[in-house]
Amino acid sequence: MAAPPLWRSKSTRAFMFQSVFLAALVAAVLGATLTARSNLAAQGLTSGFAFLWKNTGWEMNFTLLKVAPTDPYWWFLLMGFCNTLFMGLISLAGASGIGLLVGLMRSGRNPAARLLGTIYIELFRNLPLILQLFFWYALANALPNPRQAIAFGGALISSRGIYLPGLNVSQGAVALTAAILLAGAGLAVWIAATRRPQGLDPVRRRRLVLIAPGIAILAGVLALAASHDPALPWLTLPATTGLKIEGGVRIQPEFYCLAFAITTYGGAYIGEIVRGGFKAVGRGQTEAARALGLSPWQVFSRVRMPLAFRAMLPILINQYVWLIKATTLGIAVGFSDFFMVIASSITHSGQTLEFIAILMGGFLAINFTLAAVLNRLNRAIALKGHQATGTT
Amino acid sequence: MDLTAPAIEIRNLDKYYGAFQALRGIDLRVARGERVVICGPSGSGKSTMIRCINQLEEHDGGEIRVFGTLLDDNLGSIDEIRREVGMVFQQFNLFPHMTVLENCTLAPMLVRRTPRTEAEAVAMRYLEKVRIPDQAGKYPGQLSGGQQQRVAIARALCMQPEILLFDEPTSALDPEMIAEVLDVMVTLAQEGMTMVCVTHEMGFARKVADRVIFMDNGEIIEEAPPGEFFDAPKSERTRLFLSQVLGH
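Residues numbered from 1 in each chain as written. Chains lettered and ligands numbered in written order. Predicted model: local features only at pLDDT ≥ 70, side-chain atom pairs only at ≥ 80, totals over all residues. Heavy atoms only, no water.

In this structure the tally under the stated criterion is 24 salt bridges over all chains. Here E287 of chain A and R283 of chain A are joined by a salt bridge, their closest N and O atoms 3.2 Å apart. Residue E287 of chain A and its partner R283 of chain A are located together in helix α8 (residues 283-291), separated by 4 residues, close to a single helical turn. When its relative accessible area of 8% is taken as the criterion, E287 of chain A is described as buried. Owing to a relative accessible area of 61%, R283 of chain A belongs among the exposed residues under this scheme. R29 of chain B is the salt-bridge partner of E9 of chain B, the closest N and O atoms lying 3.1 Å from each other. Within this pair, whereas E9 of chain B is found in strand β1 (residues 8-17), its partner R29 of chain B is found in strand β2 (residues 20-30), the two being separated by 20 residues in sequence. (Salt bridge = Lys/Arg side-chain N within 4 Å of Asp/Glu carboxyl O. Helix = DSSP H or I, 4+ residues; strand = E, 2+ residues; numbered from the N terminus. Buried < 20%, exposed > 50% of the residue type's maximum accessible area, 1.4 Å probe, protein only.)

Spelled out as structure tokens, the structure:
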């Protein structure tokens, strides 16, 4: 068969279309940038990122590390970014836990548990998240003032926040410990998911998976202990002094309300994903496991859960990315997440475009990393030789 | 568990799905080492009956004893019986997230507390018996249907059960793979395994069965040694069924 003329060739045409599309895109971006620059220059505004090294002159109400008005913008942005990560970590973990529980209740045999699960999901899934957030925040503000704080165990609960007994260690040590623990967890996941080195004995691999977080926990505890001032007691208990509460660790209402709202709302969605995952597990596999004499817990943990998790994971990734974006609602109650720090920075500096670019870059980085890691996990545990989740 | 008692003893077994009666007063005795083939049209209750023996289905009336142990509400007796009764399913039902070897060692390690090295040695022995030791590291999804069913047989054998139940083991297989599975089943039968097989493979029944049972509409209609069953069936319904199965 003779080769078709160039303009009739499928591959040439495809290449032409792609090139034209790319050229148009580059032209559009370039044009927009140039226009914006000339307009900003006409208004007397300078573009560029030099402002990142200027002092902010304002304060953040929640940070994991120390922040002062004399600190530069980049440090504020970094701390806001960490707040978003922290909020995301806590609410995703919480939402996953609630989701698993509610999903299991809904797919179980007990009618009372099923009803409870259904009520939960219908209630939390059908109200707008921002409404739920305002509700919890209003509830938190209705708590008694610090002088009449409710004592619960060693904790004090008031409208100013929940004060928990804390360890007398430095904030830096806590951050270091958190980083060590995260690294340990990441290492464990990596060892479990990777198939390298090939032919590593599964028993030894499983042992390694347990050893990695073990070492991390040990290192974390040592880091905490090293920063403890021997002159002070190990625990600091919150106590009311005059009009306010001192000592202990304060969890501010903005933080726990947002975390609680995302956790409960996300839990309802994840509950449905979990239920769907268990539905996708073939009845045959469960029966085979029962016929072999496995206990109900063994059937669940060795067969149903691993197979259900594989069915859930692709949808869970979407949900996680969605929930991370929901942390930006913090601005509605005044939790200084990445979005709120950016919004304040824009008000104070006027560098709108640059900050929005940083904001978008930050969220893209979080969600892209999250999705990439989970997608990799998804590929690593995919059923070999199956197109889908293998229900036969 | 008393190995001198009959392997399976079923008395007056009833099973309902809502208002529909799936089993009507079934009586069946299987001696240790006996091979019984159960056949009958679809919906006749054959699968339901053998699934009652290891309590994948709960019965509503009558008694089931396995080696003298009565199957009742006692969870302990169900666990005890499941350890001694292996099952092979129509759809293989292998665990797709585990390798062939892991499929075979899971239950011995969890239920019998066999150490891993020993469980793996036993598994390799049975994988050799079903003639696929070279596939031990593969996943079920990478095997053909016939290979998967042979793994499923090996998996059941790894628990070293006294009785094997087969629930239409060749019905989901392509014709060219049926023989390899039947060959394995014939070998097992010749080695004296107590077997209860629901199957339409009449050649297999003629070759290895001590007794053939015909079920229809939730009842046992006829029960006879294969020679008598195929050559001189007593009941009209059996004759009709045999003409449909063998007639082409």
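Having seen the structure, we can now continue with the description.
Let us now look at the confidence of the model for chain A. Overall, the predicted model of chain A reaches an average pLDDT of 87, with 96% of residues at or above 70. Scored below 50 in pLDDT, residues 388-392 of chain A makes 12 contacts in the model with residues more than four places away or belonging to other chains. (pLDDT = per-residue confidence, 0-100. Contact = heavy atoms within 4.5 Å.)

Attention now moves to the interface of chain B and chain A. Between chain B and chain A, the contact holds 26 residues from the first and 26 residues from the second. In total, chain B and chain A occlude about 2,300 Å² of area from one another, counting both sides; carbon and sulfur atoms represent 60% of this. It is P96, H97 and L110 of chain B in chain B that bury the most area against chain A; as a group they hold 24% of the surface buried on that side. Where E287 of chain A meets R51 of chain B, a salt bridge forms, and the shortest distance between an N and an O atom there is 2.5 Å. (Buried area = accessible area lost by both parts, 1.4 Å probe.)

Within the largest apolar cluster, 110 residues are counted, with the highest numbers of intra-cluster contacts made by L294 of chain A together with I10, I38, M49 and I50 of chain B. Ranked by residues supplied to this core, first place goes to helix α9 (residues 296-326) of chain A with 14 residues. Leave out the neighbours within four places in its chain, and M49 of chain B touches I10, L13, L23, I26, L28, I38 and M215 of chain B. Among the nonpolar cores identified, the runner-up in size contains 50 residues, and Y126, I132, L173 and A205 of chain B belong to it. (Core = buried A, V, L, I, M, F, W, Y, C linked by side-chain atoms within 4.5 Å.)

Residues and elements named next belong to chain B. Counted by the stated rule, this structure contains 0 disulfides over all chains. C197 provides the cysteine sulfur closest to C52, a residue in no disulfide bond, and the two sulfurs are 18 Å apart. With no disulfide of its own, C158 lies 4.4 Å from the sulfur of C104, the closest cysteine sulfur. (Disulfide = S-S within 2.5 Å.)

Our next topic: the sheet that holds β1 of chain B. All names here are of chain B. With antiparallel pairing, 4 strands are arranged side by side in an open sheet as β2-β1-β4-β5. The strands lining the two open edges of the sheet, one partner per strand, are β2 and β5 (69-70). Here helix α1 (residues 46-53) sits on the sheet in contact with β1, β2 and β4 (61-66), set at roughly 120° to β1. (Pairing = 2+ DSSP bridges. Axes fitted to C-alpha atoms, helices over the stretch in contact; angles between N-to-C directions.)

Residues F21, L22, L25, V26, V29, L30 and L34 of chain A make up a contiguous nonpolar surface patch of about 730 Å² in total accessible area. Position of V29 of chain A among the secondary structure elements: in helix α1 (residues 10-42). (Patch = residues over 30% accessible without salt bridge, like charges linked within 9 Å, V, L, I, M, F, W, Y side chains within 5 Å. Areas by Shrake-Rupley, 256 points an atom, 1.4 Å probe, with all protein chains shown as cover.)

The next thing to look at is the packing of aromatic side chains. Residues and elements named next belong to chain A. Throughout the structure, instances matching the rule amount to 22 aromatic pairs over all chains. Judged by centre distance (5.3 Å) and plane angle (80°), the ring pair of F81 and F338 falls under edge-to-face. In this pair, F81 sits in helix α2 (residues 73-107) while F338 sits in helix α11 (residues 338-349), placing the two residues 257 residues apart along the sequence. Aromatic side chains F278 and F300 sit 5.7 Å apart centroid to centroid with 15° between the ring planes, which places their arrangement in the stacked category. Of this pair, F278 sits in helix α7 (residues 253-280) while F300 sits in helix α9, and the two are 22 residues apart along the sequence. As far as the burial class goes, F278 and F300 line up, both buried. (Phe/Tyr/Trp six-rings, centres within 6.5 Å; stacked < 30°, edge-to-face > 60°.)

In this section: the pairing of strand β7 (residues 163-167) of chain B. Residue and element names in this part refer to chain B. Counting buried positions over the 5 residues of β7 gives 5, a clear majority of the element. Taking every second residue as pointing to the same face, both faces of β7 are buried, with I163, L165 and D167 on one and L164 and F166 on the other. Pairing of β7 with strand β8 (residues 194-198), which is carried by 5 bridges, proceeds in the parallel orientation. Counted as the bridge partner of L165 is V196 from β8. Taking the sense of rotation as the criterion, the β-α-β connection linking β7, helix α6 (residues 175-190) and β8 turns out right-handed. (Right-handed = clockwise from strand over helix to strand, strands pointing away.)

All names here are of chain A. Compared with the 40 Å implied by 1.5 Å per residue over 28 residues, the 40 Å span of α7 between its first and last C-alpha is a close match. The sharpest bend along α7 reaches about 25° and sits at G267. Of all 28 residues in α7, 22 are buried; the element is thus mostly enclosed. (Expected span 1.5 Å × (residues − 1). Bend = angle between axes of the 7 residues up to and from the residue.)

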